[in-house]
Structures are given as structure tokens and as C-alpha cells.
Amino acid sequence: MGADELALSSKRSERRQSATRQGTDWWAELRGLVWLVLGVLAFHSLIAKPFYIPSESMLPTLRVGDQLIVSKYPYGYSFVTPTFHLLPPIPGRILGRLPARGDIVIVTPPQHSTDYIKRVIGLPGDTIAVRDGIVWLNGKAVPREPLGERLVPIDGNTHCDPDPERGGSIFYEGRRVVHQGKAYCSLTLFRETLPNGASYDIADLGDSAGDNFPPTVIPKNHVFLMGDNRDNSADSRFSLEQGGLGGPVPWENLGGRAEFITFSRDGSSTWNPLTWFTGFRGDRFGISLHPTHEDK
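Given the structure is predicted, the values throughout are model-derived calculations rather than measurements.

Sheet strands line up and pair through hydrogen bonds in the backbone, either parallel or antiparallel. In spatial order, the strands read β7-β6-β5-β12; together these four strands make up an open sheet with antiparallel pairing. The two strands at the open ends of the sheet, each matched to only one other strand, are β7 (140-141) and β12 (213-217). Here four bridges tie strand β5 (residues 127-131) to strand β6 (residues 134-137), and the two strands are oriented antiparallel to one another. Looking at β6, one finds that valine 130 is bridged to valine 135.

Take a look at the structure:
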């Protein structure tokens with residue numbers, strides 16, 4: 001072995017010994033992990049975050065098991081904006097902007113910390129009422145077109161259960177049907193169109209307590225929210241004690257706007273990794289949650 005080779009070998013040995021002496025810089029690793037967590041929290045709090053649909057209050061638009069993206073910036077920022085609701089109620093918004101009629105929004109009810117998902121129906125200054133299931137805005141009935149029955153597949157997440165104790169609605173009684181050997185929930189649908197042309201489908205299954213709501217003027221910086229599943233939604237028509245939103249909701253309680261569905265699960269997945277893929281609802285991917293707009 002020549003002198004040059006001996007020198008090169010000696011340098012390599014010295015580098016290995018130096019690396020061994022230095023070891024892992026755990027403090028640097030920890031700092032990197034902390035910055036990563038803070039970056040994710042900042043993105044979730046200020047830009048967008050995922051949201052999982054836990055109830056059937058927005059059928060037929062949203063189904064239990066849908067995972068969607070909620071953008072945080074369209075209405076500005078408030079005390080409910082951070083991912084974890086740690087701030088006390090603070091009136092107002094930074095860079096605030098009111099939602100549009102028909103937007104699907106995340107809302108935190110006053111005096112609560114759980115997020116709901118509902119649709120914006122009324123804006124500040126509107127007089128809103130519900131009569132026999134028909135929404136009235138400023139003295140005019142909101143048009144709705146009958147669409148007939150739609151069959152929604154029953155699976156591990158969609159139960160069509162008539163028992164309210166199990167998260168269902170008494171209005172699902174008799175709506176379980178079998179078509180070509182598969183179980184479905186039959187929903188009576190209507191196409192509702194708001195004054196700004198925003199149009200979307202709602203389910204109306206029969207007479208319910210929410211079918212009548214007295215005329216109410218929506219205060220400044222408040223919005224009136226309703227679920228698309230009109231007979232199975234705790235929303236602005238119901239008091240906080242009833243699990244609802246307690247009437248028009250202050251705009252600072254809005255946490256963001258629902259944008260689109262990223263994926264959806266039917267509830268069939270188990271510990272078996274093979275079921276992690278078969279449990280996806282393939283027809284739900286990428287569905288936009290913005291209402292369509294009809295020509296006014």
C-alpha cells in the first residue's frame with residue numbers, strides 16, 4: 001500500500017471515529033419535529049384542514065364516512081379558526097367576509113366546542129321563516145322542485161335507522177328497500193334554489209318539528225344555517241338545549257367553507273389491510289361541495 005493510500009485510509013478512519021464520537025444530535029432532531037408539527041397546525045388553522053362527516057344531517061349531499069377539505073380563509077379568521085378550540089369567545093373576525101347563500105360551512109355552536117356542518121340559508125337583515133317545510137326569505141317562498149325518490153346504498157356508515165337513539169330518524173321508518181338484492185334507503189328529494197341562484201338537493205321525509213319556524217330577523221353579522229336532511233338536522237331552527245344552533249349564529253363561530261370530498265369510506269374496513277381499499281366508495285372522490293347556480 002502506497003503512502004497516498006495510507007493517508008486516504010487514515011482520513012476515512014478519522015471521519016468515522018469523529019461521527020461515532022458526535023452521535024445523533026437529538027436536540028436538532030427534536031427541534032425539527034417541533035417545527036414540523038407547528039407547520040402542520042398552522043396550515044390546518046389558517047389554510048385548510050380535513051373534516052370527517054359523522055352524521056346524516058347533510059344527506060343527500062354528504063354521507064357518513066365522507067372525508068372533505070375545509071378551507072379556513074374565505075371568511076377571515078376568528079377565535080374558532082385554530083385547529084384546537086382553545087381561545088375564549090372573541091367577537092368579530094380578522095379580514096372578515098360573510099359567506100354566500102348556499103355555502104356549506106363548518107360552525108361551532110355558541111357555548112360548545114364541537115364542530116357542526118350546515119348550509120347557509122339566511123344572511124344579516126333577512127327575515128326567515130319555515131312554513132310546512134318550505135323556507136321563506138323576506139316574504140317569499142324559496143322555490144323547490146320535486147325530484148322524486150333517490151336510493152342511497154345502506155352500508156356500515158349509512159344505516160337508514162328509524163331509531164333516534166342510534167343516531168337515526170323516525171322518518172326513516174319504512175324507507176329501507178331492497179333493489180337487485182342490495183339494501184337502500186329511499187329518500188324523497190327536492191331541488192331548492194335560493195335568491196342568489198344557489199341550487200342544491202335536500203331531503204324532506206315528512207312532517208317534523210323543524211317544518212315550522214316563526215319569522216325571525218337575522219341580526220347583523222349573523223347567519224341562519226340548516227342541514228340538507230331537513231327532518232334529521234339540529235340546526236338554527238332548534239335551541240342549544242335541543243342540540244341545535246340556537247337560532248342565527250354569530251359569524252365569528254364559522255370555522256371555514258367545505259370545498260370538496262377527498263375520499264369516502266363505507267364503514268366495512270376492519271383490522272385486515274385488504275379491507276382498507278375495498279372499503280372506499282369510489283364514486284365519491286373529488287365531488288365539489290359548492291352549490292350550482294341557476295340563472296335568476
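Text resumes after the structure shown.
A cis amide bond links leucine 59 to the next residue, proline 60, at an omega of 5°. By the secondary structure assignment, proline 60 is in the loop between β1 (48-52) and β2 (66-71). Notably, glutamine 111 is not glycine yet its phi reads approximately 70°, a positive angle. Examined against the element boundaries, glutamine 111 turns out to sit in the loop between β3 (104-107) and β4 (116-122). The phi angle at cysteine 160 is positive, at roughly 55°, despite the residue not being glycine. Among the structural elements, cysteine 160 can be located in the loop between β8 (144-153) and β9 (176-179). Given the relative accessible area of 1%, cysteine 160 is considered buried.

The next thing to look at is the layout of surface pockets. As a volume, the largest pocket reaches approximately 480 Å³. Considering the residues around the largest pocket, the lining is formed by 27 residues, among which Ser55, Glu56, Ser57, Gly167 and Asn232 are closest to the centre. When residues of the lining of the largest pocket are assigned to their parent elements, the largest contribution, three residues, is made by β4. For the lining of the largest pocket, the class distribution of residues is 11 nonpolar, 11 polar and five charged. If you trace the second largest pocket, you find 16 residues lining it, with Thr61, Arg119, Arg191, Asp201 and Ser288 closest to the centre.

Moving on: the packing of aromatic side chains. Summed over the entire model, instances satisfying the criterion amount to two aromatic pairs. Measuring from centroid to centroid gives 5.8 Å for phenylalanine 263 and phenylalanine 280, while their planes differ by 85°, and the two rings are edge-to-face. Within this pair, whereas phenylalanine 263 is found in strand β15 (residues 254-264), its partner phenylalanine 280 is found in the loop between α3 (275-278) and β16 (292-293), the two being separated by 17 residues in sequence. Classification of phenylalanine 280 by relative accessible area gives partly exposed; the value is 33%. Positioned above the aromatic ring of tyrosine 200, the side-chain terminus of arginine 119 is 4.0 Å from the ring centre.

Going through the model one piece at a time under the given rule, you end up with one disulfide. One disulfide bridge connects cysteine 160 with cysteine 185, the sulfur atoms lying 2.1 Å from each other. Its S-S torsion of about 60° marks the bond between cysteine 160 and cysteine 185 as right-handed, since a negative value means left-handed. One end of the pair, cysteine 160, is in the loop between β8 and β9; the other, cysteine 185, is in strand β10 (residues 182-193), and 25 residues separate them in sequence. Here cysteine 160 matches cysteine 185 in class, with each residue buried.

One finds Ile121, Ile128, Val135, Leu194, Phe224 and Met226 to be the most contacted residues of the largest nonpolar core, which totals 14 residues. The set of elements that each furnish at least two residues to this core consists of β5, β6, β11 (198-203) and β13 (222-226). Dropping the residues within four chain positions of it, isoleucine 128 is found in contact with Ile121, Gly122, Val135, Trp136, Leu137, Phe213, Pro214, Pro215, Thr216, Ile218 and Phe224. Counting residues in hydrophobic clusters, the runner-up holds 12 residues, among them Phe51, Met58, Ile106 and Ile117.

Another aspect to go through is the sheet that holds β3. Strand order across the open sheet formed by seven strands is β1-β2-β15-β3-β4-β13-β14, with antiparallel pairing between neighbours. Here the strands that pair on one side only, and so sit at the sheet edges, are β1 and β14 (249-250). Relative to β14, β13 runs antiparallel, the two being bridged by two bridges. Residue valine 223 lies in a different strand from β14, and its bridge partner there is valine 249.

This brings us to the pattern of salt bridges. Taken as a whole, this structure holds 14 salt bridges when the rule is applied. Between glutamate 149 and arginine 175 there is a salt bridge; the shortest N-O distance is 3.5 Å. Taken together, the residues span a long stretch of sequence, with glutamate 149 in strand β8 and arginine 175 in the loop between β8 and β9 at a distance of 26 residues. Given a relative accessible area of 48%, glutamate 149 falls into the partly exposed group. Here the residues in one salt-bridge network are Arg63, Asp66, Asp155, Arg281 and Arg284, joined through shared partners.

About the cut-offs
- Residues numbered from 1 in each chain as written.
- Predicted model: local features only at pLDDT ≥ 70, side-chain atom pairs only at ≥ 80, totals over all residues.
- Heavy atoms only, no water.
- Pairing = 2+ DSSP bridges.
- Helix = DSSP H or I, 4+ residues; strand = E, 2+ residues; numbered from the N terminus.
- Buried < 20%, exposed > 50% of the residue type's maximum accessible area, 1.4 Å probe, protein only.
- 1 Å grid on protein atoms, 1.4 Å probe; cavity = no way out; pocket = protein on both sides within 12 Å on 5 of 7 lines; lining within 4 Å.
- Points joined across faces, edges and corners; volume = space filled by probe spheres on them.
- Nonpolar A, V, L, I, M, F, W, Y, C, P; charged D, E, K, R; others polar.
- Phe/Tyr/Trp six-rings, centres within 6.5 Å; stacked < 30°, edge-to-face > 60°.
- Lys NZ or Arg CZ within 6 Å of the ring centre and 35° of its normal.
- Disulfide = S-S within 2.5 Å.
- Core = buried A, V, L, I, M, F, W, Y, C linked by side-chain atoms within 4.5 Å.
- Contact = heavy atoms within 4.5 Å.
- Salt bridge = Lys/Arg side-chain N within 4 Å of Asp/Glu carboxyl O.

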